[in-house]
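Breakdown of the fold
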Amino acid sequence: MTTPAEAPLEAPSIPYVDPVRRSRSRARARRDGLIASISTVVVFAVLGYLITSTPGWPKVQETFFNLDEAIAAWPTLIKAFVLNIKIFLVAEFFILILSLLIALGRGLRAPVALPVRIMCTVYVDFFRGVPTILVILLLGFGVPALQLKGVTNSPVVWGTVALILSYTAYVAEVYRAGIESIHPSQRAAARSLGLSSIQTTRYVVLPQAVRRVIPPLLNDFIALQKETALVSLLGPIEVLRAAQISASANFNYTAYVVAALLFVAITLPLTRLTDWLQRRDTRRRMAGVM
Amino acid sequence: MTFLQVSGVHKGFGDLAVLRGMDLDVDLHEVVVLIGASGSGKSTLLRCINGLEAVDAGEIRIGDIEVTAAGVDLDEARRRVGIVFQQFNLFPHMTVLDNVTLAPRKVLGAGRSHAETAARELLGRFGLEDKADDYPDRLSGGQQQRVAIVRALAMKPQVMLFDEVTSALDPLLVGEVLDVIRELKQEGMTIVMATHEMGFAQEVADRVCFLDGGKVLEQAPPAELFGSPKHETTRSFLARVARI
């Protein structure tokens, strides 16, 4: 073993690493990489073999993983999927705004605001309790049945409204948790400078709270993107409905698999982004501790 | 001339009575230091003075405003009073400059460039000019606390309250914060500060108040209070502090 005295004195900012130890740790990294590769290849090879060697596999491959079917269904599916994307983009826009208002409404402490607080609380309790699928059915079939003049009967509109109502309740709770996680001393500091309660919320509490809730908020949006498929219950041709039509026309389920992959493809960037944000937060907190 | 007047203030939290008939008069340009054991009501008194806590009974006046009156504009009252906390409480999502200019811009309606010029000048006076664009977490505790003081000063308060502002600091950083307070005293700022730094109290205070059981038990110029305390409780407190 060499001694640290041999460390180059002219570059003190670079931590000195013993050359023997460095080559050892490099060897270990190489060995770890090799083990990881071998284990991955072996596990997936065994899994692949087990699945493809089942007696029903050729039939499954034919009906679920048929490349010709996939290519044939692709144009219809991708066109239908545009509707899913539209639904969740519109829904996310309204959810972001409405849920923030609900969260702020629940946080009001002034006695005169009690009715607002009650309404917001009842709203959240109700829509968190009712399954989204029920809200979609009730609104999608219920509102047109009322035969109101000047009100649209479009299933896409009411399906989207149902998703907004349902998810606003969840996201409002996410916002509220974020707002409550800001230490009261931040509010005290702002108020002591003469900022009003509204200014304190606007400039001090919300900017910090929103930053903290971005990962859980994105999680809810990932769930929402998948649940746009539920709107198919009302009849519009979105990707699940399109896959259903294709499946029943050709007695082949490949279209379902393609639809599933489309959902994965669209949620994957958000999932990775959420993971990355969460890791970054953890790192920052660790850095704060040290 | 009495500028800040606290009379007969009671304040409790649930069953715990913290202030029990607190009286305190502070003159313009006077430096009053509050000492006393933890729980004697120092922090609570300071928080009541700028309306962060509502009093249960009694009266607090700052100049011609009665802070404790019903329907008084507390935001207006708070503009006259700067407070600095033990834990700095800087806004972590804003740069130092934004921390300092937020209240002048949003409360006093100062324009951004005007507020920033004033803020940079104030930061410069306390040796923080090169920190203006940093975020608080890049600063040492002493620097953060000095920024917190500058942030309060940016509102041009008539009285400054310091709530154990050096208690959360590394001993090596205490001095730089005390220097700032010393300088404020020289400029004639009216100051009320709670502290455990007895040496500093002796040096800067015009008057030292010993708080016990939610009241001022004894008050006198520092030489007198530290030299020949009248009450047995004061004596034993000072003896205990001296031993640390």
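Reading the values: the criteria
Residues numbered from 1 in each chain as written. Chains lettered and ligands numbered in written order. Predicted model: local features only at pLDDT ≥ 70, side-chain atom pairs only at ≥ 80, totals over all residues. Helix = DSSP H or I, 4+ residues; strand = E, 2+ residues; numbered from the N terminus. Rg over C-alpha atoms; globule rule 2.2 N^0.38 Å. Buried ≥ 20, exposed ≤ 12 C-beta atoms within 10 Å, placed from the backbone. Contact = placed C-beta atoms within 7 Å. Pairing = 2+ DSSP bridges. Axes fitted to C-alpha atoms, helices over the stretch in contact; angles between N-to-C directions. Nonpolar A, V, L, I, M, F, W, Y, C, P; charged D, E, K, R; others polar. Core = buried A, V, L, I, M, F, W, Y, C linked by C-beta atoms within 7 Å. pLDDT = per-residue confidence, 0-100.

A word on the overall build of chain A. Tallying secondary structure elements over chain A gives 10 helices and 0 strands in all. Written out in order from the N terminus, the α and β elements of chain A read α-α-α-α-α-α-α-α-α-α. The C-alpha radius of gyration of chain A comes to 27 Å, more than 25% above the 19 Å expected for a compact globule of 290 residues. In terms of its C-alpha atoms, chain A occupies a principal-axis envelope of roughly 90 × 75 × 25 Å. Evaluated residue by residue, chain A yields a buried proportion of 25% over its 290 residues.

Glancing now at the overall build of chain B. Assigned secondary structure in chain B consists of 9 helices and 10 strands. Relative to its length of 244 residues, chain B is compact, with a C-alpha radius of gyration of 18 Å against a globular reference of 18 Å. Along the first, second and third principal axes, the C-alpha atoms of chain B reach 55 × 45 × 35 Å. When the 244 residues of chain B are sorted by exposure, 44% land in the buried category. Here the contacts in chain B between residues at least 6 apart in sequence split such that 63% fall between residues at least 24 apart.

Here we come to the sheet that holds strand β2 (residues 16–27) of chain B. Residues and elements named next belong to chain B. Reading across the sheet, the 4 strands line up as β2-β1-β4-β5 and stay open at both edges, with antiparallel pairing between neighbours. Because the sheet does not close on itself, it has two edges, and the strands there are β2 and β5 (65–66). In terms of strand pairing, strand β1 (residues 2–13) meets strand β4 (residues 57–62) through 5 bridges, oriented antiparallel. In the strand pairing of β4, Val6 is matched with Ile60. In the packing of helix α1 (residues 42–49) onto the sheet, contacts are made with β1, β2 and β4, and the angle to β1 comes to roughly 115 degrees.

Residues and elements named next belong to chain B. Locating Glu76 in the fold gives a position in helix α2 (residues 74–79). According to the C-beta neighbour criterion, Glu76 is exposed, with 12 such atoms within 10 Å. Along the chain, Glu76 and Ile65 lie 11 residues apart, while their C-alpha atoms are 9.1 Å from each other.

Quick look at the environment of Ala223(B) now. Looking at the element boundaries, Ala223(B) is found in helix α8 (residues 222–227). Spatially, the C-alpha atoms of Ala223(B) and Val165(B) are 23 Å apart, while their sequence positions differ by 58 residues.

Counting from both sides, the interface comprises 18 residues of chain B and, opposite them, 16 residues of chain A. Elements that contribute at least two residues to the side of chain B that touches chain A include exactly α2 and α3 (96–106) of chain B. Here the residues of the side of chain B that touches chain A are counted per class, giving 9 nonpolar, 4 polar and 5 charged.

Our focus in this paragraph is the environment of Met155(B). Relative to the helices and strands, Met155(B) resides in the loop between α5 (141–153) and β7 (159–163). The class for Met155(B) is buried, based on 20 C-beta atoms found within 10 Å. Beyond its immediate stretch of four places on either side in the chain, Met155(B) contacts Leu193(A), Gly194(A), Arg79(B), Gly82(B), Ala103(B) and Pro104(B).

Attention shifts here to unusual backbone geometry. The phi dihedral of Gln147(A) is positive, around 55 degrees, even though this residue is not glycine. Tracing the chain through its elements places Gln147(A) in the loop between α5 (132–145) and α6 (155–180). You will see that Glu164(B), though not glycine, has its phi angle at about 45 degrees, which is positive. Structurally, Glu164(B) can be placed in the loop between β7 and α6 (171–186). C-beta crowding within 10 Å serves as the criterion here: with 20 such atoms nearby, Glu164(B) is assigned to the buried category.

Moving on, we come to the sheet that holds strand β10 (residues 215–220) of chain B. Residues and elements named next belong to chain B. With mixed pairing, 6 strands are arranged side by side in an open sheet as β6-β7-β8-β3-β9-β10. At either end of the open sheet lies a strand with only one pairing partner, and these are β6 (81–84) and β10. Each strand of the sheet is rotated relative to its neighbour by a mean of 20 degrees, with strand direction disregarded. As defined by bridge partners, β6 adjoins β7 across 4 bridges and the pair is classed as parallel.

By size, the foremost hydrophobic cluster in this structure holds 108 residues, and its most contacted members are Val33(B), Leu34(B), Ile49(B), Val150(B), Leu161(B), Phe162(B) and Val192(B). Excluding residues that lie within four positions of it along the chain, Leu161(B) makes contacts with Leu46(B), Ile49(B), Asn50(B), Val81(B), Gly82(B), Ile83(B) and Val192(B).

Attention now moves to the pairing of strand β9 (residues 207–212) of chain B. Residue and element names in this part refer to chain B. Looking at chain direction, strand β3 (residues 31–35) and β9 are connected through 4 bridges and run parallel. The partner of Val33 across the bridge, within β9, is Val208. Across 5 bridges, the pairing between β9 and β10 is antiparallel. Considered in β10, the bridge of Phe210 is made with Glu218. The antiparallel pairing of β9 with β10 creates a hairpin that spans 2 residues between the two strands, and Gly213 there sits at a positive phi of about 60 degrees.

Attention now goes to the confidence of the model for chain B. For chain B, per-residue confidence averages 91 on the pLDDT scale, and residues scoring 70 or more make up 100% of the total. Confidence metrics for the complex model read pTM 0.80 and ipTM 0.89.

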